[in-house]
Amino acid sequence: MNLYWLQSGGCSGDTMSILSYEGNLFNFFSNIGINVLWHPSLSTISASEHDTLLNNILNDTESLDILCIEGNVVCGPDGSGMFDTFRGKPKKDLISALTKKASYVVAVGTCAAYGGIGSYDEMQGLGLQFHHEEENGFLGKNFLTKDGHKVINLPGCPIHPKALENILNKLTHNITMTFTDTHTDAEYYNFTVHQGCTRNEYHEYKVEEKEFGEKGCMFFHLGCKGPTTLSPCNKYLWNEVNSKTRAGVPCFGCTRPDFPQPYPFYETRNIIGTPLELPRGVDRAHYLAYKDMAWAAAPKHLTDRKHRV
């Protein structure tokens, strides 16, 4: 299968992430039958050869099976798209043309999926099919690839290499997938960051961390979005070693459609000490009743370990 990777409005962080893939990236592509036509950090063809490749794709003399787009679609200023150009023309025009030629379109990273950074300002960044939670991104709600597929979203800032490995394996082996309402693979994005967090026991007994370096849960005061964010960060560790919460850093919710949030990251918004946003699936009335009792029942080994490290 032929794959073309286009970088649009973004920081190239998703590319940097896949370059940290734990195995041999070239062997992975080869083993699953992917021919990388172009990737800006992997390909060695000249600029003129790249122009020829693009012309062949757009003229249907080169097949395009998988189009990966990294970064959001830049529409600023004022809808012109001239903040991000290719050969003097808005890159959004090239994106529009290439998506019509691909069998599958994969939005790599939160910016490509939902708009992400630059979606709140004059950059006018849009996700491919979504703008935050709404299905009104650049390509529109009704967009389908030439083979009848919606855009496949791989959110993350950046994505975990395992997310790309997972989706490419499924596409090349024709594995049937179920998708969420926001077009993510329901099998991969079906865990919260909270699941597998090494601070879970602190959370259950409301042993709270109020300053960085303490031993406690960061959800109640330090803005951790682990209980509200679908991403297997504590199942597939980064570099098979660590995750934000294991290192004592709050989850930023980077796979969520509303990322980055327009309010402070290291604060938990609350009303009289109760977080405005509760863990997924938790009823507010039951939460209030349970948490009032949790601290009183906290085991001594938790309260004794609440100290700076």
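Rules and cut-offs
- Residues numbered from 1 in each chain as written.
- Predicted model: local features only at pLDDT ≥ 70, side-chain atom pairs only at ≥ 80, totals over all residues.
- Heavy atoms only, no water.
- Pairing = 2+ DSSP bridges.
- Helix = DSSP H or I, 4+ residues; strand = E, 2+ residues; numbered from the N terminus.
- Axes fitted to C-alpha atoms, helices over the stretch in contact; angles between N-to-C directions.
- Contact = heavy atoms within 4.5 Å.
- Buried < 20%, exposed > 50% of the residue type's maximum accessible area, 1.4 Å probe, protein only.
- 1 Å grid on protein atoms, 1.4 Å probe; cavity = no way out; pocket = protein on both sides within 12 Å on 5 of 7 lines; lining within 4 Å.
- Points joined across faces, edges and corners; volume = space filled by probe spheres on them.
- Nonpolar A, V, L, I, M, F, W, Y, C, P; charged D, E, K, R; others polar.
- Lys, Arg positive; Asp, Glu negative; His and termini not counted.
- Salt bridge = Lys/Arg side-chain N within 4 Å of Asp/Glu carboxyl O.

Undergrad: So, the sheet that holds strand β1 (residues 2-7): which residues are in play, and what are the values?
TA: Each strand in a sheet pairs with another by means of backbone hydrogen bonds, the pair being arranged parallel or else antiparallel. An order of β2-β1-β3-β7-β9 is seen for the 5 strands of this open sheet, with the pairing classed as parallel. What marks the edges here is a single partner per strand, and that holds for β2 (35-38) and β9 (152-154). Averaged over all pairs of adjacent strands, the angle between strand axes in this sheet comes to 25°, irrespective of strand direction. Bridge count for β1 against β2 is 3 bridges, and the pairing is parallel. Across the sheet, residue Asn2 finds its bridge partner in β2, namely Asn35. On the sheet, helix α6 (residues 161-172) packs against β1, β3 (64-70), β7 (102-108) and β9 and is oriented at approximately 155° with respect to β9.

Undergrad: Please set out the environment of His203 residue by residue, giving values where relevant.
TA: Here His203 shows up in helix α7 (residues 200-204). Taking relative accessible area as the criterion, His203 reaches 4% and is therefore assigned buried. Along the chain, His203 and Leu144 lie 59 residues apart, while their C-alpha atoms are 42 Å from each other. Once you skip the residues sitting within four places of it in the chain, His203 turns out to touch His194, Cys217, Phe219, Phe220, Pro227, Pro279 and Lys291.

Undergrad: Talk me through empty space enclosed by the protein; I want residue IDs and the actual numbers.
TA: Taken as a whole and assessed by the stated rule, the structure comprises 4 cavities of 30 Å³ or more. One number sums up the size of the largest cavity: a volume of about 150 Å³. In terms of lining, the largest cavity is formed by 14 residues, of which the most central are Gly223, Lys225, Thr268, Arg269 and Glu277. The class makeup of the residues in the lining of the largest cavity is 6 nonpolar, 4 polar and 4 charged. Of the pockets and cavities examined, the second largest cavity occupies roughly 90 Å³. Around the second largest cavity, the lining residues are His194, Cys197, Arg199, Asn200, His203, Cys217, Met218, Phe219, Cys224, Gly226, Pro227 and Thr245. Residues that form the lining of the second largest cavity fall into these classes: 6 nonpolar, 5 polar and 1 charged.

Undergrad: Please provide a residue-by-residue account of the pairing of β1, values included.
TA: Along a regular strand, successive side chains alternate from one face of the sheet to the other. The buried count for β1 comes to 6 of 6 residues, which makes it a mostly enclosed element. The alternating pattern of β1 places Asn2, Tyr4 and Leu6 on one face and Leu3, Trp5 and Gln7 on the opposite face, and all of these are buried. Looking at chain direction, β1 and β3 are connected through 5 bridges and run parallel. Looking across to β3, one finds that Gln7 is bridged to Glu70.

Undergrad: Describe the side chain of Asp14, with residues and values.
TA: Position of Asp14 relative to the elements: it lies in helix α1 (residues 13-18). For the buried Asp14, no salt bridge exists, and the shortest N-O distance to an oppositely charged side chain is 11 Å, to Lys244. Setting aside residues no more than four positions away along its own chain, Asp14 makes contact with Glu70, Val108, Gly109, Gly156, Pro158 and Ile159.

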